[in-house]
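# Observations on the three-dimensional arrangement
Here are the chains, one letter per residue:
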Amino acid sequence: QVQLVESGGGLVQAGGSLSLSCAASGLSISTYAMGWFRQAPGKEREFVATIGRTSRTTLYADSVKGRFTISRDNAKSTVLLQMSSLKPEDTAVYYCAAGSYTEEFRSPSFTGTYWGQGTQVTVSS
């Protein structure tokens with residue numbers, strides 16, 4: 001059974017940092033591009049970041065560029081999202097996803113191959 005399990009969410013003050021982790025089981029993440037999305041209450045899902053199979057390619061949403069860093073460890077089947085200089089508008093449920101290639105993550109029609117259940121990130125002002 002394939003599972004993507006996010007962890008590391010929580011409550012943080014504006015300007016603070018959090019590190020999210022996505023642990024995969026039942027699949028070899030080395031064969032997938034991986035990424036993060038978020039969804040705030042009443043808003044549509046938003047692309048955050050993606051990373052290619054070999055970590056050579058990373059793409060970020062303009063809203064998080066320079067503040068968030070995505071990385072992966074294929075041997076540990078883990079994808080990380082390090083978030084710094086957090087803002088209240090970063091408040092959302094963050095989801096990990098697996099896909100075929102990095103560019104597709106930015107498409108509004110992205111469906112993904114696998115998704116996690118999400119972890120809540122709340123940034124207080």
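Described in the following lines is the structure provided in the data block. Predicted model only: the values in this text are computed from it and were never measured.

### A look at the overall build of the chain
- A count of helices and strands for the chain gives zero helices and eleven strands.
- Its C-alpha atoms give the chain principal-axis dimensions of roughly 40 × 25 × 25 Å.
- Put simply, the chain has 125 residues, and 43% of those count as buried.
- A separation of at least 24 residues holds for 59% of the contacts in the chain among residues at least 6 apart in sequence.
- With the model as given, the accessible surface of the chain reaches about 6400 Å², and the carbon-plus-sulfur share is 47%.
- The chain carries 11 positive and 9 negative side-chain charges, and their two centres are separated by 4 Å.

### So, the sheet that holds strand β3 (residues 18–25)
- With antiparallel pairing, four strands are arranged side by side in an open sheet as β1-β3-β8-β7. A single partner strand is all that each edge strand has here, and the edge strands are β1 (3–7) and β7 (68–73). The mean angle between the axes of side-by-side strands here comes to 15 degrees, regardless of whether they run parallel or antiparallel.
- Pairing analysis gives six bridges linking β7 to strand β8 (residues 78–83), with the strands arranged antiparallel. Looking at the pairing, Ser71 lines up with Leu80 of β8.

### Side note on the state of the cysteines
- Inspection of every chain in the model, using the stated rule, returns one disulfide.
- The disulfide partner of Cys22 is Cys96, and the gap between their sulfur atoms is 2.1 Å. Across the S-S bond linking Cys22 and Cys96, the dihedral sits near -75 degrees, which makes this disulfide left-handed. Separated by 74 residues along the polypeptide, Cys22 in strand β3 and Cys96 in strand β9 (residues 92–99) bring together distant segments of the chain.

Reading the values: rules and limits
- Residues numbered from 1 in each chain as written.
- Predicted model: local features only at pLDDT ≥ 70, side-chain atom pairs only at ≥ 80, totals over all residues.
- Heavy atoms only, no water.
- Helix = DSSP H or I, 4+ residues; strand = E, 2+ residues; numbered from the N terminus.
- Buried < 20%, exposed > 50% of the residue type's maximum accessible area, 1.4 Å probe, protein only.
- Contact = heavy atoms within 4.5 Å.
- Areas by Shrake-Rupley, 256 points an atom, 1.4 Å probe, with all protein chains shown as cover.
- Lys, Arg positive; Asp, Glu negative; His and termini not counted.
- Charge placed at Lys NZ, Arg CZ, Asp CG, Glu CD.
- Pairing = 2+ DSSP bridges.
- Axes fitted to C-alpha atoms, helices over the stretch in contact; angles between N-to-C directions.
- Disulfide = S-S within 2.5 Å.

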